[in-house]
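Analysis of the macromolecular model
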Amino acid sequence: GNWDIFYYNLTWAHGTPPQQLISGVENQKNPAISGNYIVFENWSGFSSKIYLYNLSNSTSVRISPSAEEVNPAIDGMNIVWQNLSPTGYKRIILYNVTTGETRKMSPSGLSFDQTNPKISGNYIVWEDTRIRNPYSDIYVYDLSDGSEQLLTTGSLGGKFMPAMYGNRIVWED
């Protein structure tokens, strides 16, 4: 059996079964939802692409440019995920649903990994190994002014699994 995406709305009548949104010969994993949009990984063999499903018109479209894309997160019209760059390093990608534009969150050619992104409002948070490779730190990026901030200065060991809501950020240390 393959992994598929299911949906349930809490306003539905009690006893209404969940709705299967996405199915097929490939595996759909790691969904995230905001408003009428669901993003998910679509796995074919050992490669994954990011897809966007629109609940308002029941359509699904591929939004990632390559086939090495994982860990999608969405808030409003902005989606982030992690990709494997041509140089072999993991990078954070930002996609805007309204404009259809995709951009990398860091310059190309840098030899460190950015992983496990999350987004809330104008802020993106992720794990980053640029300073203490192989240990990761937590960074936050402000879309409104383009500023980036290291949150975990002066602490030892790796920082993992950031999550955020509004202006609040948590992580494992």
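Nothing here was measured: the structure is a model prediction, and the numbers come from that model.

**Quick word on the overall build of the chain**
Helix and strand counts for the chain come out as zero helices and 16 strands. By the compact-globule yardstick of 16 Å for 173 residues, the chain fits well, its C-alpha radius of gyration being 17 Å. Taking all 173 residues of the chain together, the buried fraction comes to 40%. A separation threshold of at least 6 residues defines the contact pool for the chain, and within that pool the share at least 24 residues apart is 28%. Accessible area for the chain stands at about 9,500 Å²; split by element, carbon and sulfur atoms hold 52% of it.

**Observations regarding unusual backbone geometry**
Residue Pro134 is reached from Asn133 by a cis peptide bond, and omega for that bond is 15 degrees. The backbone phi angle of Ser58 is positive, close to 55 degrees, even though this residue is not glycine. Counting through the fold element by element, Ser58 comes out in the loop between strand 5 (47-54) and strand 6 (59-62). Of note in the backbone geometry, Met161 takes a positive phi value of approximately 55 degrees without being a glycine. Locating Met161 in the fold gives a position in strand 15 (residues 160-165).

**What to know about the sheet that holds strand 8 (residues 78-84)**
Overall, antiparallel pairing links the four strands, which are arranged 7-8-9-10 in an open sheet. Because the sheet does not close on itself, it has two edges, and the strands there are strand 7 (69-75) and strand 10 (102-104). Across this sheet, the average inter-strand angle for adjacent strands is 25 degrees, counted without regard to direction. Direction of pairing for strand 8 relative to strand 9 (residues 90-96): antiparallel, over a ladder of seven bridges. In the sheet register, Trp81 faces strand 9, and the bridge partner there is Ile93.

**Considering the sheet that holds strand 14 (residues 147-150)**
The sheet built from four strands is open, its strands ordered 11-12-13-14 with antiparallel pairing. Strands with a single pairing partner mark the edges of an open sheet, and in this sheet they are strand 11 (114-120) and strand 14. Neighbour-to-neighbour, the strand axes of the sheet open up by a mean angle of 20 degrees, direction not taken into account.

**Observations regarding the packing of aromatic side chains**
Here a ring pair, both rings aromatic, is described through the centre-centre distance and the interplanar angle of the planes. Scanning the entire structure with this criterion turns up five aromatic pairs. Between Phe40 and Tyr51, the ring centres sit 5.9 Å apart and the planes meet at 20 degrees, which makes this aromatic pair stacked. A residue pair is termed long-range when its members are at least 10 positions apart, and Phe40 in strand 4 (residues 37-44) and Tyr51 in strand 5 qualify at 11 residues. The class for Phe40 is buried, based on a relative accessible area of 1%. Taken together, a centroid distance of 6.3 Å and an interplanar angle of 35 degrees make the contact between Trp81 and Tyr95 tilted.

**Examining the environment of Asn122**
With respect to the element layout, Asn122 can be found in the loop between strand 11 and strand 12 (123-128). Considering only alpha carbons, one finds Asn122 and Phe46, 76 residues apart in sequence, at a separation of 32 Å. Beyond its immediate chain neighbours, meaning those up to four positions away, Asn122 contacts Tyr141, Asp142, Leu143 and Ser144.

Calculation criteria
- Each chain has its residues counted from 1, running along the sequence as written.
- Owing to the predicted nature of the model, reporting of local features is limited to residues with pLDDT of at least 70; listing and counting of side-chain atom pairs is limited to 80 or more, with chain, interface and lining totals taken over all residues.
- Where side-chain values are given, they derive from all heavy atoms of the structure, hydrogens and water being excluded.
- Secondary structure follows DSSP: runs of H or I at least 4 residues long count as helices, runs of E at least 2 residues long count as strands, and numbering of each begins at the N terminus.
- Here the globule rule is a power law, 2.2 Å times the number of residues to the power 0.38, and the radius of gyration is based on C-alpha atoms.
- When a residue's accessible area, from a 1.4 Å probe over protein chains only, is under 20% of the maximum for its type it is buried; when over 50% it is exposed; and in between it is partly exposed.
- Contact criterion: two residues are considered in contact whenever any of their non-hydrogen atoms come within 4.5 Å of each other.
- Methods summary: accessible areas were calculated by the Shrake-Rupley approach with a probe of 1.4 Å, and residue burial reflects only the protein chains presented.
- We treat two strands as partners when DSSP finds at least two bridges between them.
- Fitted lines through C-alpha atoms give the axes, limited to the stretch in contact for helices. The angle between two N-to-C directions lies from 0 to 180 degrees.
- What counts as a ring pair is set by centres within 6.5 Å for rings of Phe, Tyr and Trp (its six-membered ring), and what kind of pair is set by the plane angle: stacked under 30 degrees, edge-to-face over 60, tilted for all other angles.

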